[in-house]
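Each chain, written out:
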Amino acid sequence: MTETVTLHIDGVSYEVPAGMNLVDAARVYAGVEIPVFCYHPKLEPVGMCRMCLVDIGFEMRDRESGELLLNEDGTPQIRWGRKLETACTTTVRAGMHVRTMTEPVQEARKDVLEFLLSSHPLDCPICDKGGECPLQSLTMRHGPATSRMVLEDKMHLAKHVPLGDLIYLDRERCIQCARCIRFQDEIVGDDVLAFHERGRRLQIVTISDPPFDTYFSGNTTDICPVGALTTADFRFGARPWELQDVPSICPHCPVGCNIVASTRLDRDAGGVKVIKRILPRQNEAVNEIWICDKGRFGHHHSLSPDRLAAPLIRKNGELVEASWDEAIQAAAEGLQAAGKNVGVIAGPMLSNEDLWGLRELAEGLGSKRLGLWPASLGDAKPLDEVGVASGTNFAALGKGDAVLVIATDLEEEAPIWYLRVKQAADRGAALIVANTRTTKLDHYAAQTLRFAVGGAADVLNGLTAAAIGQKWIAEDLIESRVSGFGDLQKALKNVSGGDEDAAEVLARAENLVIVAGNDGLDAEGHTALLQAAANFLIVTGHVGRAHNGLLPVWPGANTQGALDLGYESADTRRMLSRTPRALLVAGADIAADPAGAKALQKADFVVCMTLFPDATAEAADVVLPIQSTTERDGTFTNAERRVQRFYTAHGPLGESLSAWEAAALLGQHFGLPAPRYNPALVMKAIAAAVKPYADISFPALTAAEVQMPPIGEAKGFYGGTARPPIGGTGIQLPARSEGRGKLHVKPVDAPGAFEVGEDELLVVPVRRLYDRTPEFASSKLMHDRIPQPFVALNEADAARLGVASGDTVEVSADGAAVTVTAVVDDYAPQGVAFLPLRLSADPFPMIPVTGTVTRVAEALPVGD
Amino acid sequence: MLKDKYPDRIEAIFAKYPDKRSAVMPLLYLAQEEYGYITPEAYREIGEMIGVDPTQVQSIAGFYTMFREEPKGKYWIQVCTDLPCALRGADEFYQALLEELNVEDGGTTEDGLFTVEQVMCLAACDKAPMLQCNFHYHENLDMDIMRELIAEWRAKAQAEADTDDTAEEA
């Protein structure tokens, strides 16, 4: 337990943790709201706005005896401060007395507000923030009704200043609290915002290049205590009081950020309910109060006019619209013809209920082939044992702890983890980043390790060998619970070259989380990496307790759920090489990979369930329109194995159905029961059949953990427009290592780095946050932020190939080719070409392959 | 580029500080001396030299009134009109100066020679009316002295322009 002290606020005593910020302590423990503008619980206090002035005093003691000096009535004598003090820069101490409602305090608040409003435009009736604005609310509560300022002396400043493509600044509304500046500086580590001038002319500026366009820019509009910062997506879009906040889960990456979709019936959309904006929903264990711009602005796919609104069936070679009855009939006939020779390939944006429905259908058809997309993922079994233990929270990591980030560019693949890992490093946790190339996280790393593309597992084998060699191991644990240690020790005996400094930091850390992606790995390399990481964690005793274990950077929001429900990437690979007669592809654009496209051709019959009429749909015989996350209820399991629930925010587009419903409609033709009444009942079936999910149910998922500090509460006075944890904060499934069973280590047969001939290039696909998949690119306002298709080449390779930066080149491998722009720098190692995935529409292999890069056109001269 | 033109001076500035970013103020003065005001390009140059985002460099320049952020006259005349100076007639003096040069408050003369503006205390209250021109103080002024000064500055500017012309012709 942390040490507590007695704090007296307005004559009442409270026990509060020692060293807590006075504003937080008053709010959380006493329910006393000390008004703030510049103070934010997630940022360092600066005491700039003076709104939190209070009267602070201390109990007096006799200097000689140390006894408390008492008044006649027995109460302690208190020496009050001569002036009011800012509560936000004060930490609570024993014997502290605070008065928050005295006349001088109220007078001070009134004066501060009078000053702040002296040049404020008071355009609340047209301001996005009006109705949920701390300035407005605190003025109502504490402010003067009139102003002594002369109207002619009002400052007039620019009102529509774009700070980047997505965020607009209204300089007149700004009250110079510097929350946005401090967010960029402290939380993101990209100080592109600053103050300019001073006094009444003080204003926010940026001249950085690129300007204010970090992946986190939208968060500044949440924490802005006035309407100065607004998003290009929402500004002038709706009034806050018209909006209904529906809890949801971001479908874009494995972090599983808790969000709300603010919806209303919209005239411009024809009177239907639409999402006007996405806001973060506080979950301190997952995303705190932050979300990335992909999550915030990438919601437009849910009601995109490009979406598929009705089923399609192939008639005379053409896909034509059909009713659900016709489509299901056609699909059933096609599947019937294939007999048991049927397989399912499912994508990671489907909910657990969808995946279960599809599995029931496959089993009803007599098939056990449940493939997970993409096909490049390794064997995830070690994660059942060593996945991060329940209660793991990056926010708890600091001095004495360590994080290893390997084979992933976290900023691109899981932005909120990037923020949280960076902050753990800021707090003193030892961060080690191991990649094939420089990533932004390197900047915060205590040490960076480099490996050749494909060689990720070797790095971990080296670290394990070093840890064993130096006896930085958990001997008790190994003796009592670990099986296979002898074999591992033997196999690693001749492994050398492991970085001993890194091994020591990681092995001897109090807590260790390994964040492992699959950047530049094929399935074999990924399998090896996960097992090698598991070995290190088990051998060094970093499993089975909170803040320890392996965190996989999956490619999708529900990859973990799919794995839990029996889907495997290996099954997909088998189906790509030996394609079943009929394929049911759901939520996966497998035509983006040449192997997938080939399988679509080989299969006699293809049923495709999809949001968009993509290339996979074009190759299908029956296409069924399914629903996005915001159109129905369901659950995702994030990469930390936290099962989280999302809710229906708006009506379904066209005739689309949930994938589980569509699967059940199909199943009826094969003797399976009628579709369940709702997804909660599907989850009930999952809980009954899948052991880790035994305690999961829709009602159980509505429970919310207490959020501290409660930023989303109090209508945003305190921390902005992040929402409270309505709808539940999810339930984390325990890892097997949390029980008492055996832990398994085993020698890893690491495939090593890819071999590249002297005149060859290894084309390595990399994931970028912003890509051209329709799920993201339907958000039109993000188009300028999506990079043009490019390939990154090393200078030496470019010189050899006669390619210069800006040239148009054709990258080809395995019979596939894409035309992209060359970017030449020292980013790519020699012999490697990095090709971001899904920036162009043409299919390309999703694993490293040897290929060629040829120039097709010279760069256009710059400046014309 | 400052870096290419004044490598020695920049080296000498850096030598004075334990940390490169501490050199931001002298570098801003150098940029102002070179370009006449601190150009957007100069923020980038300095930012790059000291490893700081250009926005932060601009923020520093914006805070101090000694740095010009837009082109100004060759002679940058700052007249203190704070209370003690005003009590010694600084306001009337300032108005007379504006009329003499035929400019608006804060404006620049058509020939681009003079920018005239009011500033806060320059710490010479006892010698008011006073002004600062290109960081040099002129104190205990009246319009007679002022006219002489203006004539002097004009002549100096003319002389410089003539030398430039000759240099160009040659």
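Rules of the game
- Residues numbered from 1 in each chain as written.
- Chains lettered and ligands numbered in written order.
- Predicted model: local features only at pLDDT ≥ 70, side-chain atom pairs only at ≥ 80, totals over all residues.
- Heavy atoms only, no water.
- Salt bridge = Lys/Arg side-chain N within 4 Å of Asp/Glu carboxyl O.
- Helix = DSSP H or I, 4+ residues; strand = E, 2+ residues; numbered from the N terminus.
- Buried < 20%, exposed > 50% of the residue type's maximum accessible area, 1.4 Å probe, protein only.
- Pairing = 2+ DSSP bridges.
- Contact = heavy atoms within 4.5 Å.
- Axes fitted to C-alpha atoms, helices over the stretch in contact; angles between N-to-C directions.
- Buried area = accessible area lost by both parts, 1.4 Å probe.
- Polar contact = N/O pair within 3.5 Å; in protein donor to acceptor, adjacent residues only side chain to side chain.
- Nonpolar A, V, L, I, M, F, W, Y, C, P; charged D, E, K, R; others polar.
- Expected span 1.5 Å × (residues − 1).
- Arc of directions from axis to C-beta.
- Domains from an automatic or database assignment.

Let's talk about the pattern of salt bridges
Residues and elements named next belong to chain A.
At step 1: Considering all chains together, one arrives at 48 salt bridges over all chains under this definition.
At step 2: The closest approach of N and O atoms between Arg99 and Asp55, which form a salt bridge, is 2.9 Å. On the criterion of sequence distance, the pair formed by Arg99 in strand 6 (residues 96-99) and Asp55 in strand 3 (residues 53-59) is long-range, its members being 44 residues apart.
At step 3: What makes Arg99 partly exposed here is its relative accessible area of 30%.
At step 4: Look at Asp55 and you get buried, because its relative accessible area is 7%.
At step 5: Between Arg838 and Asp589 there is a salt bridge, with the nearest N and O atoms lying 3.2 Å from each other. Placement of Arg838 in the loop between strand 36 (832-836) and strand 37 (849-857) and of Asp589 in the loop between strand 25 (582-586) and helix 19 (594-602) is noted, with a sequence separation of 249 residues between them.
At step 6: A single salt-bridge network, built from bridges that share partners, covers Asp123, Lys159, Asp170, Glu172 and Arg173.

Some thoughts on the sheet that holds strand 29 (residues 642-646) of chain A
All names here are of chain A.
At step 1: Ordered by their spatial adjacency, 3 strands build an open sheet running 28-29-30, and the pairing between neighbours is antiparallel. Looking at the sheet topology across the chains shown, the edges are occupied by strand 28 (634-637) and strand 30 (731-732).
At step 2: Here helix 8 (residues 352-364) sits on the sheet and contacts strand 28 and strand 29; the angle it forms with strand 28, its principal contact strand, is near 95°.

Here's the deal with the side chain of A:Arg296
At step 1: Relative to the helices and strands, A:Arg296 is located in helix 6 (residues 293-297).
At step 2: Contacts of A:Arg296, omitting those with residues within four sequence positions, involve A:Gly218, A:Asn219, A:Thr221, A:Asp222, A:Thr231, A:Asp233, A:Ile278, A:Leu279, A:Pro280 and A:Ile291.

Points about the interface of chain A and chain B
At step 1: Taken residue by residue, the interface counts 13 residues in chain A and 12 residues in chain B.
At step 2: Approximately 1100 Å² of surface area, both sides summed, lies buried where chain A meets chain B, with 48% of it carried by carbon and sulfur atoms.
At step 3: Three residues stand out in chain A for area buried against chain B, namely A:His196, A:Arg198 and A:Ile207, and they jointly supply 52% of the buried area on that side.
At step 4: Scanning the region where chain A abuts chain B turns up 0 salt bridges.
At step 5: Our enumeration of links across chain A and chain B arrives at 12 residue pairs in polar contact (both at pLDDT 80 or more).
At step 6: Here the residues of the side of chain A that touches chain B sort into 6 nonpolar, 3 polar and 4 charged.

Details of helix 7 (residues 90-101) of chain B
All names here are of chain B.
At step 1: A rise of 1.5 Å per residue sets the reference length of helix 7, with its 12 residues, at 16 Å; its end C-alpha atoms lie 16 Å apart and thus fit the reference within 8%.
At step 2: All of the buried residues along helix 7 are Ala90, Phe93, Tyr94, Leu97, Leu98 and Leu101. Down the axis of helix 7, the sector holding all buried residues measures 140°, keeping them to one side. Relative to its buried face, helix 7 has exposed residues pointing more than 90 degrees away, namely Glu92 and Glu99.
At step 3: Trailing helix 7 by a residue or two, Asn102 shows a phi angle of about 55°, which is positive.

Regarding the sheet that holds strand 15 (residues 312-315) of chain A
Hydrogen bonds along the backbone pair up the strands of a sheet, which may run parallel or antiparallel.
All names here are of chain A.
At step 1: One open sheet holds the 7 strands; their spatial order is 16-15-27-26-25-17-18, and the pairing between them is mixed. Two strands bound the open sheet, and with one partner strand each, they are strand 16 (318-321) and strand 18 (370-372). Going from strand to strand, the sheet's axes swing by 20° on average, the running direction of each strand aside.
At step 2: For strand 17 (residues 342-346) and strand 18, the ladder comprises 3 bridges, and the chain directions are parallel. Residue pairing across strands places Ile345 opposite Gly371, the latter belonging to strand 18.

Overview of the domain arrangement of chain B
At step 1: By domain assignment, chain B separates into domain 1 (2-63) and domain 2 (75-169).
At step 2: Computed over C-alpha atoms only, the centres of domain 1 of chain B and domain 2 of chain B are separated by 28 Å.

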